[in-house]
Amino acid sequence: MRKKIVAGNWKMNTTVPEGVELAKAVCEKAAAVPENIGLIVATPFTHLASVGSVLTGRVELSAQNCADHTSGAYTGEISVAMLKSTGCKWTILGHSERRQYYGETDEKLVEKTKLALEAGLGVILCVGENLEEREAGKHFDVCTAQIKNVLYNFTAEDMKNIIVAYEPVWAIGTGKTATSAQAEEIHACIRKVLADKFGAQVAEDTTILYGGSCKPSNAKELFAQPDIDGGLIGGAALKADDFIQIAMSY
Ligand code: 13P
């Protein structure tokens, strides 16, 4: 059975003390969330060690990116070993904001995913089409290509440590959520693309999250879809009450 997960992507928000307070509040309220729902917070790099030290085992720590090299002369970069040493269990990779603003390519994501898995980090790989691609009817093709370009370089065994997040770019931070039907049809497509390469069982066991203006008022309907296994939450993850309410929407 695949795991249901609600992950908060804090993006470039909060100072370290604010992040520590937010993490503490999430942990306190997490007691109300059913045990079968995994909780993750993805903080800025600067927060990982301090937030990691206040997280209870119930909430796992994630980074939002990692370097595409192991160590050395790469000023400003953060390696997977550094992430591991903070208590990090996961890293988000391929978020559309990184693809769009920092030139992250599928080729780089293959490298980063390799390094993360080798270091024992789980990967939350984001895919999703932008508005222009959706309006041109290319959303299935774009998501399929992103999945193939990155994940087809890995094995069924690797897939045990990979979560996919479908985040339509036009729904991120816009208040415009994909309808549950729009999200479900892409999730089902992603699962089929995974099944074609790794077999039906691996596809069945892979957690696929939805992200993009997910909030307490729409999480229930999204999570009720058969191929939506939770959410990757941006804005609403910055409020412990909203984040936990979303996690309780199953
Ligand atoms: P919002 O929930 O703010 O739309 O952001 C979604 C997201 O990008 C999570 O990674």
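This write-up is about the structure you can find in this document. All values reported here derive from a predicted model rather than from experimental measurement. (Residues numbered from 1 in each chain as written. Predicted model: local features only at pLDDT ≥ 70, side-chain atom pairs only at ≥ 80, totals over all residues. Heavy atoms only, no water.)

**Re the overall build of the protein**
Line of reasoning, step 1. Secondary structure assignment for the protein yields twelve helices and eight strands.
Line of reasoning, step 2. Taking 18 Å as the expected radius of gyration for a compact globule of 250 residues, we find that the protein reaches 17 Å, a close match to that expectation.
Line of reasoning, step 3. In the protein, buried positions account for 53% of the 250 residues.
Line of reasoning, step 4. Contacts spanning at least 24 positions in sequence make up 72% of the contacts within the protein whose residues lie at least 6 apart.
Line of reasoning, step 5. Separation between the mean location of the 25 positive side-chain charges and that of the 31 negative ones in the protein comes to 2 Å. (Helix = DSSP H or I, 4+ residues; strand = E, 2+ residues; numbered from the N terminus. Rg over C-alpha atoms; globule rule 2.2 N^0.38 Å. Buried < 20%, exposed > 50% of the residue type's maximum accessible area, 1.4 Å probe, protein only. Contact = heavy atoms within 4.5 Å. Lys, Arg positive; Asp, Glu negative; His and termini not counted. Charge placed at Lys NZ, Arg CZ, Asp CG, Glu CD.)

**Topic: the side chain of glutamate 184**
Line of reasoning, step 1. By the secondary structure assignment, glutamate 184 is in helix α9 (residues 180-198).
Line of reasoning, step 2. The side chain of glutamate 184 is buried and forms no salt bridge, while arginine 191, the nearest opposite charge, is found at 6.9 Å.
Line of reasoning, step 3. Not counting residues up to four positions away in its chain, the partners in contact with glutamate 184 are Gln225, Pro226, Asp227 and Ile228. (Salt bridge = Lys/Arg side-chain N within 4 Å of Asp/Glu carboxyl O.)

**Topic: the site of the ligand**
Line of reasoning, step 1. With respect to spatial proximity, the complete set of residues near the ligand consists of Asn9, Lys11, His95, Glu167, Ala171, Ile172, Gly173, Gly212, Ser213, Leu232, Gly234 and Gly235.
Line of reasoning, step 2. Here an oxygen atom of the ligand and a side-chain polar atom of glutamate 167 are 2.9 Å apart.
Line of reasoning, step 3. In this structure, glycine 173 approaches the ligand through a main-chain N or O atom, which is 2.6 Å from an oxygen atom.
Line of reasoning, step 4. Compared with its free state, where it exposes 310 Å², the ligand has 95% of that area covered by protein.
Line of reasoning, step 5. Among the residues forming the shell around the ligand, the class breakdown is three nonpolar, seven polar and two charged. (Near = heavy atom within 4 Å. Polar contact = N/O pair within 3.5 Å; in protein donor to acceptor, adjacent residues only side chain to side chain. Areas by Shrake-Rupley, 256 points an atom, 1.4 Å probe, with all protein chains shown as cover. Nonpolar A, V, L, I, M, F, W, Y, C, P; charged D, E, K, R; others polar.)

**Quick look at the nonpolar core**
Line of reasoning, step 1. Core analysis: the biggest nonpolar cluster contains 68 residues, and Val6, Leu39, Leu151, Ile190, Tyr210 and Phe243 have the highest contact counts within it.
Line of reasoning, step 2. In terms of residue count, the dominant contributor to this core is α9 (seven residues).
Line of reasoning, step 3. Excluding its chain neighbours within four sequence positions, the residues that come into contact with leucine 151 are Leu125, Met159, Ile162, Val164, Leu194 and Phe198.
Line of reasoning, step 4. Judged by nonpolar contacts, the second largest core, of twelve residues, contains Ile5, Trp90, Ile124 and Ile163. (Core = buried A, V, L, I, M, F, W, Y, C linked by side-chain atoms within 4.5 Å.)

**A short note on the packing of aromatic side chains**
Line of reasoning, step 1. The full count for this structure, using the stated rule, is four aromatic pairs.
Line of reasoning, step 2. Between the aromatic rings of tyrosine 152 and phenylalanine 198, the centroid separation amounts to 6.3 Å while the plane-to-plane angle is 85°, which identifies the pairing as edge-to-face. One end of the pair, tyrosine 152, is in the loop between α7 (139-151) and α8 (156-159); the other, phenylalanine 198, is in helix α9, with 46 residues separating them in the sequence.
Line of reasoning, step 3. A relative accessible area of 11% places phenylalanine 198 in the buried class.
Line of reasoning, step 4. Here lysine 197 stacks its cationic end above the ring of tyrosine 152, 5.7 Å away from the centre of that ring. (Phe/Tyr/Trp six-rings, centres within 6.5 Å; stacked < 30°, edge-to-face > 60°. Lys NZ or Arg CZ within 6 Å of the ring centre and 35° of its normal.)

**Topic: the packing of helix α11 (residues 216-223) against helix α12 (residues 240-247)**
Line of reasoning, step 1. Their axes nearest at 8 Å, the elements α11 and α12 cross at an angle of 20°. Considered as vectors, α11 and α12 are oriented roughly parallel to each other. For the pair α11 and α12, the sense of crossing is right-handed. From α11, Pro216, Ala219 and Phe223 reach across to α12, where they touch Asp242, Gln245 and Ile246. (Axes fitted to C-alpha atoms, helices over the stretch in contact; angles between N-to-C directions. Parallel < 35°, antiparallel > 145°, perpendicular 65-115°, else oblique. Left-handed = near helix turned anticlockwise from the far one by under 90°.)

**Points about unusual backbone geometry**
Line of reasoning, step 1. Located in the positive-phi region is lysine 11, a residue other than glycine, with phi close to 50°.
Line of reasoning, step 2. Looking at the element boundaries, lysine 11 is found in the loop between β1 (4-9) and α1 (16-29).
Line of reasoning, step 3. Its identity as a non-glycine residue notwithstanding, threonine 14 has a phi of 75°, on the positive side.
Line of reasoning, step 4. Topologically, threonine 14 is positioned in the loop between β1 and α1.

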